[in-house]
Amino acid sequence: MSVTSQGTALITGASSGIGAVYADRLAKRGFDLVLVARDGARLDALAERLAEETGRGIDVLRADLTDAADLAKVAGRLSTDASITLLVNNAGMSLNGSLLENEAPALERIIALNVTAPTLLASAAGKLFVGRGGAIINIASVLALAPEMFDGVYSGTKAYLLNLTLGLASAHAESKLRVQAVLPGATRTEIWERSGKDVDALPAEWVMEVGDLVDAALAGFDKGETVTIPPLADEGQWLAYDAARKAMAPNLSRRDVAARYR
Ligand code: NAP
């Protein structure tokens, strides 16, 4: 059965985990793909399998997104390839240890990958998508809402992506640009061992399988959600949190100092 062509999706961090499953699901939905990560051999193997299974056009763009020249190359592809209609800002890393246990190079690397890269790529894509139509999916984390549960640097980078998404969605609500933040909880991927952690040390009922995560995230995308939290059973908890935040907004900038500080 043939699937209608959806344009091209550029997926960062497509060589494993969540990004590789997005590649699989989006190719099956009719997207051609540009797969971005450092491991060219893994990207080539995935591209070959998906091209064979789906008949879609699959390109590999090898890039280290912490490297300014490589990042510019990926941003350039977004700026010049008119077929691209979807950016999945998925590549990310976790720290091995806390803020106080890491030195500058590791701290700079996580900020470069989790913050700088998705920002510059969203900017390149968003400038074009507002006019011609397109969507940006930012893979954040539930830790954006729960900094006490984990290291504050990683959760801070994910809170940044949630803010970026909410700001973009609000600023361009009337345009053809769509933005979604996906907030996974613990999901069984390589990110755990890559950062010296054992996902199996968590209670089994906390850990989602990666296929379930991506299928739920795409269900949220299809519903038009700006924020999708696949593990959160009670949607009312998110809605109440979001409503409380928005209720505070009109009171957050005032000439007068609050009485308790006088
Ligand atoms: P993963 O399997 O480790 O995937 C990370 C991907 O990012 C890989 O494709 C990796 O490919 C790529 N990557 C890493 N460093 C890169 C660099 N410098 N330049 C370019 N690409 C790079 O982990 P994952 O869980 O699927 O992570 C995907 C996203 O989900 C991340 O943003 C993560 O923070 C988020 N997330 C994960 C969980 C979880 O529990 N798994 C929970 C919440 C959010 P190469 O090594 O080939 O470059």
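Residues numbered from 1 in each chain as written. Predicted model: local features only at pLDDT ≥ 70, side-chain atom pairs only at ≥ 80, totals over all residues. Heavy atoms only, no water.

*Asks:* What is the right way to read the overall build of the protein from this model?
*Replies:* Scanning the protein for helices and strands turns up eight helices and seven strands. Seen through its principal axes, the protein has C-alpha atoms that stretch 70 × 45 × 40 Å. Once local pairs closer than 6 in sequence are excluded, the contacts in the protein between residues at least 24 apart make up 68%. Entry remark: accessible area of the protein is about 13300 Å², with carbon and sulfur atoms responsible for 54%. The centroid of the 26 positive side-chain charges in the protein is displaced by 8 Å from the centroid of its 32 negative side-chain charges. (Helix = DSSP H or I, 4+ residues; strand = E, 2+ residues; numbered from the N terminus. Contact = heavy atoms within 4.5 Å. Areas by Shrake-Rupley, 256 points an atom, 1.4 Å probe, with all protein chains shown as cover. Lys, Arg positive; Asp, Glu negative; His and termini not counted. Charge placed at Lys NZ, Arg CZ, Asp CG, Glu CD.)

*Asks:* I tried to follow the site of the ligand on my own but got confused; where do I start?
*Replies:* Lining the immediate surroundings of the ligand are 31 residues, of which Ser15, Arg38, Asn90, Tyr154 and Thr189 lie closest. Here a nitrogen atom of the ligand sits 2.9 Å away from a polar atom, N or O, in the side chain of aspartate 64. One of the backbone nitrogen or oxygen atoms of threonine 187 is found 2.8 Å away from an oxygen atom of the ligand. For the ligand, the protein covers 96% of the area, taking 880 Å² as the surface of the free molecule. Elements with a contribution of two residues or more to the shell around the ligand: α1 (17–28), α5 (152–171) and α6 (191–194). (Near = heavy atom within 4 Å. Polar contact = N/O pair within 3.5 Å; in protein donor to acceptor, adjacent residues only side chain to side chain.)

*Asks:* Help me out: how do you make sense of the pairing of strand β5 (residues 134–139) in this one?
*Replies:* Summarising burial for β5: six of the six residues are buried, a large majority. With four bridges joining them, strand β4 (residues 84–89) and β5 adopt parallel strand pairing. Within the sheet, the bridge partner assigned to valine 88 lies in β5 and is isoleucine 137. In terms of handedness, the path from β4 via helix α4 (residues 104–132) over to β5 forms a crossover that is right-handed. As paired strands, β5 and strand β6 (residues 177–182) are joined by six bridges and run parallel to one another. (Buried < 20%, exposed > 50% of the residue type's maximum accessible area, 1.4 Å probe, protein only. Pairing = 2+ DSSP bridges. Right-handed = clockwise from strand over helix to strand, strands pointing away.)

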